[in-house]
2 protein chains.
Amino acid sequence: MNDIAVTRRSRITPEREAELYRAVLDLLREVGYDAVTMDAVAARTRSSKATLYRQWGGKAELVVKALRSQKPGGIADIDTGSLRGDLHAIIGREDDCAMERNAALMRALAMAVHMNDDLRQAFKELLVEPEIEEFRRVVQRAVDRGEVRPDNPALEYTTHMLVGAFATRTLIDDLPPTRAFLTSYIDAVVLPALGAPLH
Amino acid sequence: MNDIAVTRRSRITPEREAELYRAVLDLLREVGYDAVTMDAVAARTRSSKATLYRQWGGKAELVVKALRSQKPGGIADIDTGSLRGDLHAIIGREDDCAMERNAALMRALAMAVHMNDDLRQAFKELLVEPEIEEFRRVVQRAVDRGEVRPDNPALEYTTHMLVGAFATRTLIDDLPPTRAFLTSYIDAVVLPALGAPLH
């Protein structure tokens, strides 16, 4: 983090930041990305547009950081000693309600992400790439432990498998993604594709 | 097909039907699902709204049938003698340009599908379920040939794997889904998860 970022950060409290993110997510759910404006966020949160722009630079960054604030952290702290244990623990960080709320937000944003270059860029840098990097560390440990062969061709598709299951559950089965579903998918698809132990 | 459907069908020629579908898809790309109206379709295609309603019942059915008209058919004709051959042949029906055009249309519709119950219903009945059924037949033949064990837990996730790869390619890699990518994904993920032969 550079000096400018630190200066920007220091202007509002973490409580106020959380309150702003909640308001942005409420607006997103109510009207969708295109209709969320900095004016609407300022009005809803009784803040000045100047503050919002100073703190977040623009709507895309504000929306993605609001989304990121909802995601459970802590993948970096998970280290159960097996790939299956790690993946189950990652899924277990969120309860089913939180998971479905996040899935609904992601669905609501899917079109906007593909229509708006700045949103797609922020989405990629602030959400997708850090997530891929975290999964990569988990899988690399499995390779280092000898659970997965380093030349297994499914290694580069770990994120596609997991995100794909999450993304297609509602479309295909008309059911929300749940921990039970994702856990079962990990055991049936992800671990066998990687040739990793199922226990 | 019942008598009423036959009567409705007979009112326009296949050429005219194809022309109407192209106009609907153009409108979808230009303005998105919410802004496509039966008025706009009628104006663009110089047809009467009464004809459109008589033929398709409503916007959701018209849009989904327009999408369906773009999909390559012929899964039912594919029977290469192995699961790998069948899945590669299914991917090979479409060139990369057509695949990316379809992917872009699906992304543009993702939000609308989740916001509109009638569109989701039409999507499910006219596109998702027939596709799942076709995949099921292909995989069932592999089970019958002894390529896949009938109790393999990945069997119920075949569609999630394939559709998930298609849906996440752009989000995760910022690249369009291509035949080369999907073929590689089938060999790295789908066949190993199903325990099916890789040759």
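How each quantity is defined
Residues numbered from 1 in each chain as written. Chains lettered and ligands numbered in written order. Predicted model: local features only at pLDDT ≥ 70, side-chain atom pairs only at ≥ 80, totals over all residues. Heavy atoms only, no water. Helix = DSSP H or I, 4+ residues; strand = E, 2+ residues; numbered from the N terminus. Buried < 20%, exposed > 50% of the residue type's maximum accessible area, 1.4 Å probe, protein only. Contact = heavy atoms within 4.5 Å. Lys, Arg positive; Asp, Glu negative; His and termini not counted. Charge placed at Lys NZ, Arg CZ, Asp CG, Glu CD. Buried area = accessible area lost by both parts, 1.4 Å probe. Salt bridge = Lys/Arg side-chain N within 4 Å of Asp/Glu carboxyl O. Polar contact = N/O pair within 3.5 Å; in protein donor to acceptor, adjacent residues only side chain to side chain. Nonpolar A, V, L, I, M, F, W, Y, C, P; charged D, E, K, R; others polar. Phe/Tyr/Trp six-rings, centres within 6.5 Å; stacked < 30°, edge-to-face > 60°. Lys NZ or Arg CZ within 6 Å of the ring centre and 35° of its normal. Axes fitted to C-alpha atoms, helices over the stretch in contact; angles between N-to-C directions. Left-handed = near helix turned anticlockwise from the far one by under 90°. Least-squares fit on C-alpha atoms with pLDDT ≥ 70 in both. pLDDT = per-residue confidence, 0-100. Expected span 1.5 Å × (residues − 1).

**Q** I tried to follow the overall build of chain A on my own but got confused; where do I start?
**A** A count of helical and extended segments in chain A gives 10 helices and 0 strands. When its helices and strands are written in sequence order, chain A yields α-α-α-α-α-α-α-α-α-α. Along the longest, intermediate and shortest principal axes, the C-alpha atoms of chain A span 55 × 40 × 30 Å. A buried classification covers 46% of the 199 residues belonging to chain A. Sequence separation of 24 or more characterises 65% of the internal contacts of chain A that already satisfy a separation of 6 or more. For chain A, the separation between the mean place of its 27 positive charges and that of its 30 negative charges on side chains is 5 Å.

**Q** Would you explain the interface of chain A and chain B in this entry?
**A** By a frequent convention, interface size equals the accessible area lost on bringing the separate parts together. Counting residues at the interface gives 32 residues for chain A, matched by 32 residues for chain B. Summing both partners gives a buried area of about 3100 Å² for chain A against chain B, and 72% of it is carried by carbon and sulfur. The three residues of chain A that bury the most area against chain B are Tyr157(A), His160(A) and Ile172(A), which together make up 22% of that side's buried surface. For the pair chain A and chain B, the interface holds 0 salt bridges. Linking chain A with chain B are 5 residue pairs in polar contact (both at pLDDT 80 or more), by the criterion used here. At the level of elements, helix H7 (96-115), helix H8 (117-145), helix H9 (158-173) and helix H10 (179-194) of chain A are the ones that each hand at least two residues to the side of chain A that touches chain B. Tallying contributions element by element places H9(A) first for the side of chain A that touches chain B, with 11 residues. For the side of chain A that touches chain B, the residue count by class is 19 nonpolar, 7 polar and 6 charged.

**Q** Looking at this structure, how should I read the packing of aromatic side chains?
**A** The relative placement of two aromatic rings is captured by the distance of their centres and the angle of their planes. A full pass over the atoms with the stated rule returns 8 aromatic pairs over all chains. Arranged with centres 6.0 Å apart and planes meeting at 45°, the rings of Phe181(A) and Tyr185(A) form a pair that is tilted. Taken together, the positions of Phe181(A) and Tyr185(A), both in helix H10 and 4 residues apart, correspond to about one turn of that helix. Of the residues examined, Tyr185(A) reaches a relative accessible area of 1% and is grouped as buried. Ring pairing ties together the aromatic residues Tyr157(A), Phe181(B) and Tyr185(B), which thus form one cluster. Above the face of the Tyr33(A) ring, Lys59(A) is positioned so that its terminal group lies 4.2 Å from the ring centre.

**Q** Is there a simple way to think about the packing of helix H5 (residues 59-70) of chain B against helix H8 (residues 117-144) of chain B in this case?
**A** Axis angle and axis distance: for two packed helices, these are the angle between their axes and the distance between the axes, and together they describe the pair. Residues and elements named next belong to chain B. Running from N to C, H5 and H8 cross one another at 35°; their axes reach a closest spacing of 9 Å. As H5 runs across H8, the sense of the crossing is right-handed. Residues Ala60, Glu61, Val63, Val64, Lys65, Leu67 and Arg68 of H5 lie in contact with H8, whose contacting residues are Asp118, Leu119, Ala122, Phe123, Leu126 and Leu127. Of the residues assigned to the contact of H5 with H8, the class counts are 9 nonpolar, no polar and 4 charged.

**Q** So what exactly am I meant to see when it comes to the relation of the copies chain A and chain B here?
**A** Two copies of a chain can be linked by a rotation about an axis combined with a shift along that same axis. Superposing chain A onto chain B takes a rotation of 180° combined with a translation of 0.0 Å along the rotation axis, leaving an RMSD of 0.0 Å. Classification of the inter-copy transformation places it as that of a two-fold axis. Every residue of chain A has its C-alpha some distance from the rotation axis, and the shortest such distance is that of Gly164(A), at 1.9 Å. The fraction of interface residues of chain A whose copies in chain B are also interface residues reaches 100%, indicating that both copies meet through the same surface.

**Q** Hey, could you run me through the confidence of the model for chain A in this one?
**A** If pLDDT is low for a region, its predicted coordinates should not be looked at in detail. All names here are of chain A. With 95% of its residues at a pLDDT of at least 70, chain A reaches an overall mean of 88. Confidence, read as mean pLDDT per element, is least for helix H1 (residues 3-9) in chain A (47) and greatest for H10 (97). Predicted confidence for residues 1-9 stays below pLDDT 50, and this span has 10 contacts to residues more than four positions away or in other chains. Across the interfaces of the predicted complex, the ipTM metric reaches 0.82, alongside a pTM of 0.84.

**Q** How do you make sense of the pattern of salt bridges when you look at a structure like this?
**A** All names here are of chain A. As enumerated under the stated definition, the model contains 30 salt bridges over all chains in all. In this structure, Arg29 and Asp26 form a salt bridge, with 3.4 Å as the shortest nitrogen-oxygen distance. Of this pair, Arg29 and Asp26 both sit in helix H2 (residues 14-31), 3 residues apart, roughly one helical turn. For Arg29, a relative accessible area of 40% puts it in the partly exposed group. The exposure class of Asp26 is partly exposed, given its relative accessible area of 33%. The partner of Lys71 in a salt bridge is Glu131, and the shortest N-O contact between them spans 3.5 Å. With Lys71 in the loop between helix H5 (59-70) and helix H6 (83-91) and Glu131 in helix H8, the pair connects residues that are 60 residues apart, well separated along the chain.

**Q** Looking at this model, I keep getting lost on helix H2 (residues 14-31) of chain B. Mind explaining?
**A** Residues lying three or four places apart along an α-helix face the same way, a consequence of the helix completing one turn every 3.6 residues. Taking 1.5 Å per residue as the helical rise, H2(B) with its 18 residues ought to reach 26 Å, and the 26 Å between its terminal C-alpha atoms agrees with that figure. Just downstream of H2(B) lies Gly32(B), where phi reads positive at about 85°.

**Q** How do you make sense of unusual backbone geometry when you look at a structure like this?
**A** Only a minority of non-glycine residues have a phi that is not negative, and only a minority of peptide bonds are not trans. Positive phi is not limited to glycine here, since Arg46(A) has a value of about 50°. Position of Arg46(A) among the secondary structure elements: in the loop between helix H3 (38-45) and helix H4 (49-56). Residue classification places Arg46(A) among the exposed positions, given a relative accessible area of 78%. Despite not being glycine, Asp174(B) shows a phi value in the positive range, around 60°. Locating Asp174(B) in the fold gives a position in the loop between helix H9 (158-173) and helix H10 (179-194).

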